[in-house]
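# Notes for the structure review
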Number of protein chains: 4
Amino acid sequence: MTYSEDFFNLATQLIEAGRFIDSKGWVPATSGNFSARLPDGNIAITVSGKHKGRLQLGDIMLIDKDANSLDGKKPSAETLLHTSLYKRFPEIQSVLHPHSINATLTSRLFKSEIVLEDYELLKALAGIDTHESRVVIPIFANDQNIPRLAAQVEQYLDAHGAIHAYIIASHGLYTWGGSVQETLRHLEALEYLFDCELRLHGVRTI
Amino acid sequence: MTYSEDFFNLATQLIEAGRFIDSKGWVPATSGNFSARLPDGNIAITVSGKHKGRLQLGDIMLIDKDANSLDGKKPSAETLLHTSLYKRFPEIQSVLHPHSINATLTSRLFKSEIVLEDYELLKALAGIDTHESRVVIPIFANDQNIPRLAAQVEQYLDAHGAIHAYIIASHGLYTWGGSVQETLRHLEALEYLFDCELRLHGVRTI
Amino acid sequence: MTYSEDFFNLATQLIEAGRFIDSKGWVPATSGNFSARLPDGNIAITVSGKHKGRLQLGDIMLIDKDANSLDGKKPSAETLLHTSLYKRFPEIQSVLHPHSINATLTSRLFKSEIVLEDYELLKALAGIDTHESRVVIPIFANDQNIPRLAAQVEQYLDAHGAIHAYIIASHGLYTWGGSVQETLRHLEALEYLFDCELRLHGVRTI
Amino acid sequence: MTYSEDFFNLATQLIEAGRFIDSKGWVPATSGNFSARLPDGNIAITVSGKHKGRLQLGDIMLIDKDANSLDGKKPSAETLLHTSLYKRFPEIQSVLHPHSINATLTSRLFKSEIVLEDYELLKALAGIDTHESRVVIPIFANDQNIPRLAAQVEQYLDAHGAIHAYIIASHGLYTWGGSVQETLRHLEALEYLFDCELRLHGVRTI
């Protein structure tokens, strides 16, 4: 199989994103998966079972918009969660899904959603230009049945419109953006905000 | 535009300061801004919207003492907070503004000011030569209206005289010094002291 | 003494594992020990008293399945804990024993066992394919008498069958797998899960 | 001034120790000081006011056993605390004094001493061969008058005999050993043990 220059370019960005994300401890063991959309609508996505901090070019595969493998490699079981985001939001070009401790703890403490308010760093999220904003990140129950989990997400998005990210309980975070770079910015900001809330929550409830 | 050797020298120091500050996690996403004053009174300052841990020379711009761009680049919205510090304190040559979690949590827990006492590391702040000192760091409400925020700072400084740093609530820290190096020393010491206070506060209130 | 290519290959993997484990802070001072089984049944294992983050080839020695030194070097006092795992479980090829703070704190808070449930990251453990699993990690009292400690472990395994890891109280974790790589995956996942439980435990009991 | 090969050897070890200690965050700003004794009884020690994570050869100076400068450089104000340890204990060849947050918090929570018991990692301290040991680390009040502080330490050592380390309250830790390497092992173990105690203390008192 021959890959396009667009594929190599985005695969390289995903590999570098993985190194950064792993340096923060957000993809322990072989957890997480990352993707980026090519101009032709196909999607570069990490294969199953690799450590995301030590990705090689051969660990990134190509799928079409319906999650069919185009190069014979086996995509992650959670690929459907990526493709349904790309279908719904034409402006997003990358989806990152790490498994941080903060996302897992957030889901245990805040149950159905976490509300982020009054932080300057909210402005790192696309479309937010003041700390006087209210950003809701929904938390969905974990499910090994990915189509059923994807349907749960779709239903929420139908009812609530665009959001910046969602958490799968005791599992991890999904966030996205107009480029790999912007998605990393969203991820870094959300981790900061979850960290603040977790630490304040611990202190506040005493 | 041609830049002076002084500019290149200070820009390089700001780039290296950014790498150090990012390695500590104090400038997540594209948050923060840094500056240094040139001998001629103009100011090298980070442009808007770049990741402070991965600055390039082209991400540092030149403004005059009144915050006017001298090279056509767009400075950060918060530039006024830098220039008003330089005008008030002729001895300071650098201003660093990171967005650490500790500064944000400090503002949530201590509200209007944090008082630092009885730490040996207070001696890392210019002019302090004993742990038996009382250093007050004021905390100002966040405001997207920067002239109004700057006026709030000016009013405090008129009333209280020289301080070592201030916090903008749920936003970040401003600190300064006689060189980029000294300002980094102040920053590293303040982060340590905030960390101590936050952890003691959490434990004490139990 | 001449070592085989298998030995050099596995010794190199143990050295690299040590650097990774030390980068996480899980082998402070000269604590911990690591081993891997060769195809011929002999075992490459770290010698006593070296810093596990800065291992050299000469710090890995060769023993037979009964813990006898084959190259005249002195193995760790805890070698018996490695060899008894290899004898019981023919499928395992590596044993890693770090001394993380999380393992120590887990033993102080959870006493006789820690139960891990409902985490997606449980799937990083061999044989687990859903978060709806219940993984029990037993905690044994520390003992300077290693044969007596090994007997305590054997008795538990006789009664309970295969487990993924065990903790020695206020001491450290033992985990294993089908390769050095898989054992590292188990270690990274268990550390994440202990961290979650410790932080939730601290918060929940308030 | 010409320095001996012994001096260069030990100075290099102190520089590398500084990089390691700074990578852990234990010498913020320009805090801390390190020394090592030469075979002739003179002492290599860090000069005042340098960042201990970025030491150069010129930042290490030579003093005699009575703390007199032998090369015209200015030693740290706390040099007397080093020389009095070397005089009392002929077997120690290095003294390390970092300013970790853990040492500061330990002094605030445990007041006059911290007792370490039942940890396997106690065996990293010279002369300890079982976790069933009781190690007491005294905590002394901070004092800018170094001769008075040194006298306080001497008095304690006269009354209690040899110890492994002491803490100066809200300031930092002093520890020592038979080589720079052994002193680093003591430091790494003590930091681990303080961290455990601080976290258990926080949890236990809830």
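The numbering scheme is per chain: residues are counted from 1 as the chain's sequence reads. Lettering for chains starts from A, numbering for ligands starts from 1, and both go in the order in which the items are written. Residue-level local features of this predicted model are given only where pLDDT is at least 70; pairs of side-chain atoms are given and counted only at 80 or more, and the full residue set underlies all totals for whole chains, interfaces and linings. Computation of side-chain values covers all heavy atoms of the structure but excludes hydrogens and water.

It is worth spelling out the interface of chain B and chain A at this point. The contact rule is simple, with two residues in contact once any of their heavy atoms fall within 4.5 Å. Tallying the contact residues gives 27 residues for chain B and 24 residues for chain A. Take the accessible area each of two parts loses on contact, using a 1.4 Å probe, and add the two losses: that sum is the buried area. Buried surface at the junction of chain B and chain A, summed over both partners, amounts to about 2000 Å²; 60% is from carbon and sulfur atoms. On the chain B side of the contact with chain A, B:Ile101, B:Arg108 and B:Gln144 bury the most area, a combined 31% of that side's loss. Should a side-chain nitrogen of Lys or Arg be within 4 Å of a carboxyl oxygen of Asp or Glu, the pair is scored as a salt bridge. For the interface between chain B and chain A, the tally reads zero salt bridges. A run of H or I in DSSP counts as a helix once it spans at least four residues, and a run of E counts as a strand once it spans at least two, with each numbered from the N terminus. By residue number, the principal contributor to the side of chain B that touches chain A is helix α3 (residues 101–110) of chain B, which donates six residues. The residue classification treats Ala, Val, Leu, Ile, Met, Phe, Trp, Tyr, Cys and Pro as nonpolar and Asp, Glu, Lys and Arg as charged. All others, Gly included, are polar. Each residue belonging to the side of chain B that touches chain A can be placed in one class, and the counts come to eight nonpolar, 14 polar and five charged.

As a further point, take the nonpolar core. Throughout this description, the term nonpolar core refers to a set of buried Ala, Val, Leu, Ile, Met, Phe, Trp, Tyr and Cys residues connected via side-chain atoms within 4.5 Å. Type-normalised accessible area, obtained with a 1.4 Å probe on protein chains alone, sets the label of each residue: buried when under 20%, exposed when over 50%, and partly exposed for intermediate values. Ranked by size, the top nonpolar core spans 101 residues in total, and within it A:Ile21, A:Leu116, A:Ile137, C:Ile21, C:Leu116 and C:Ile137 carry the most contacts. Broken down by element, the residue count for this core peaks at 11 residues, all from helix α5 (residues 180–204) of chain A. When near neighbours in sequence (up to four residues on either side) are disregarded, C:Ile137 contacts C:Glu113, C:Ile114, C:Leu116, C:Ala165, C:Tyr166, C:Ile167, C:Leu190 and C:Phe194. In this structure, D:Leu10, D:Trp26, D:Leu122 and D:Val135 belong to the second largest nonpolar core, which totals 100 residues.

Turning our attention to the sheet that holds strand β3 (residues 60–63) of chain B. All names here are of chain B. What the eight strands build is an open sheet, ordered β3-β2-β1-β4-β8-β7-β6-β5; its pairing is mixed. Across the chains shown, the open sheet's two edge strands, defined by having one partner strand only, are β3 and β5 (113–117). On average, each strand axis in the sheet is inclined to that of its neighbour by 20°, with strand direction left out of account. In this analysis, strands are considered paired if DSSP registers two or more bridges between them. Looking at chain direction, strand β7 (residues 165–168) and strand β8 (residues 172–177) are connected through four bridges and run antiparallel. In the sheet register, Ala-165 faces β8, and the bridge partner there is Thr-175. Here, axes are lines fitted to C-alpha atoms. For helices the fit covers the stretch in contact, and angles between N-to-C directions go from 0 to 180 degrees.

This next bit is on the interface of chain C and chain A. Every contact between the two is made by 24 residues of chain C and, on the other side, 27 residues of chain A. Carbon and sulfur atoms supply 59% of the area buried between chain C and chain A, which totals about 2000 Å² over both sides. Our count for the chain C to chain A interface comes out at zero salt bridges. Think of a polar contact as two N or O atoms within 3.5 Å of one another; within protein, one of them needs to be a possible hydrogen donor and the other a possible acceptor, and neighboring residues in sequence only count if both atoms come from side chains. Put simply, chain C and chain A have 13 residue pairs in polar contact (both at pLDDT 80 or more) between them.

The next subject is the arrangement of the chains. Separated in space, chain B and chain C share no contact, their closest pair of C-alpha atoms being 8 Å apart. As for chain D relative to chain A, no contact occurs, and the smallest C-alpha gap between them is 8 Å.

Moving on, we get to the packing of helix α2 (residues 79–88) of chain C against helix α4 (residues 146–160) of chain C. Residue and element names in this part refer to chain C. Across the interface, α2 lies against α4 with an axial gap of 9 Å and an inter-helix angle of 25°. Classified by the angle their axes make, α2 and α4 are roughly parallel. Note on packing geometry: the crossing formed by α2 with α4 is right-handed. Note on element contacts: α4 touches α2 through Ile-146, Pro-147, Leu-149, Ala-150, Glu-154, Leu-157 and Asp-158, opposite Leu-80, Leu-81, Ser-84, Leu-85 and Arg-88. Residues that form the contact of α2 with α4 fall into these classes: eight nonpolar, one polar and three charged. Should an angle fall under 35 degrees it is called roughly parallel, over 145 degrees roughly antiparallel, and 65 to 115 degrees roughly perpendicular, with every other angle called oblique. Helix crossings get a hand from a simple test, with the near helix turned counterclockwise from the far one by less than a right angle marking a left-handed crossing and a clockwise turn marking a right-handed one.

We now examine the pairing of strand β3 (residues 60–63) of chain C. When a strand is regular, its side chains alternate between the sheet's two faces. All names here are of chain C. Burial along β3 is two-sided: the face carrying Ile-60 and Leu-62 and the face carrying Met-61 and Ile-63 are both buried. Bridge count between strand β2 (residues 43–46) and β3: four bridges; the pairing is antiparallel. Counterpart to Ala-44 in the pairing with β3 is Leu-62.

Feature annotation in UniProt places "binding site: Zn(2+)" (unreviewed entry) on A:His97 and A:His99, given in this structure's numbering. Relative to the helices and strands, A:His97 is located in strand β4 (residues 94–97). Ignoring any residue separated from it by four or fewer positions in sequence, one finds A:His97 in contact with A:Gly32, A:Asn33, A:Phe34, A:Glu78, A:His171, A:Gly172, A:Leu173 and A:Tyr174. A distance of 3.1 Å separates polar atoms of two side chains, one belonging to A:His97 and the other to A:Glu78. When you line up the elements, A:His99 lands in the loop between β4 and α3 (101–110). With relative accessibility at 5%, the residue A:His99 sits in the buried group. When sequence neighbours within four positions are dropped, the list of residues in contact with A:His99 reads A:Trp26, A:Val27, A:Pro28, A:Ser31, A:Gly32, A:His171, A:Gly172, C:Glu120, C:Leu121 and C:Tyr192. UniProt positions are given in the numbering used here, feature names are shortened, and annotations may be inferred rather than shown by experiment.

Superposing the copies works by least squares over the C-alpha atoms of residues that have pLDDT at least 70 in both of them. The transformation that overlays chain C on chain A combines an axial shift of 0.0 Å with a rotation of 90°, and the residual RMSD is 0.0 Å. Taken together, the rotation angle and the small translation identify this as a four-fold axis. Of all interface residues in chain C, a mere 4% are interface residues in chain A too; the two copies therefore contact each other through different surfaces.

Moving on: the sheet that holds strand β8 (residues 172–177) of chain C. All names here are of chain C. Overall, mixed pairing links the eight strands, which are arranged β3-β2-β1-β4-β8-β7-β6-β5 in an open sheet. Two strands lie at the open edges of the sheet, namely β3 and β5 (113–117), each paired on one side alone. Between one strand axis and the next, the sheet turns by 20° as a mean value, whatever way the strands run. With respect to the sheet, α2 is in contact with β1 (33–37), β2, β3, β4 (94–97), β7 (165–168) and β8, its orientation differing from that of β1 by roughly 30°.

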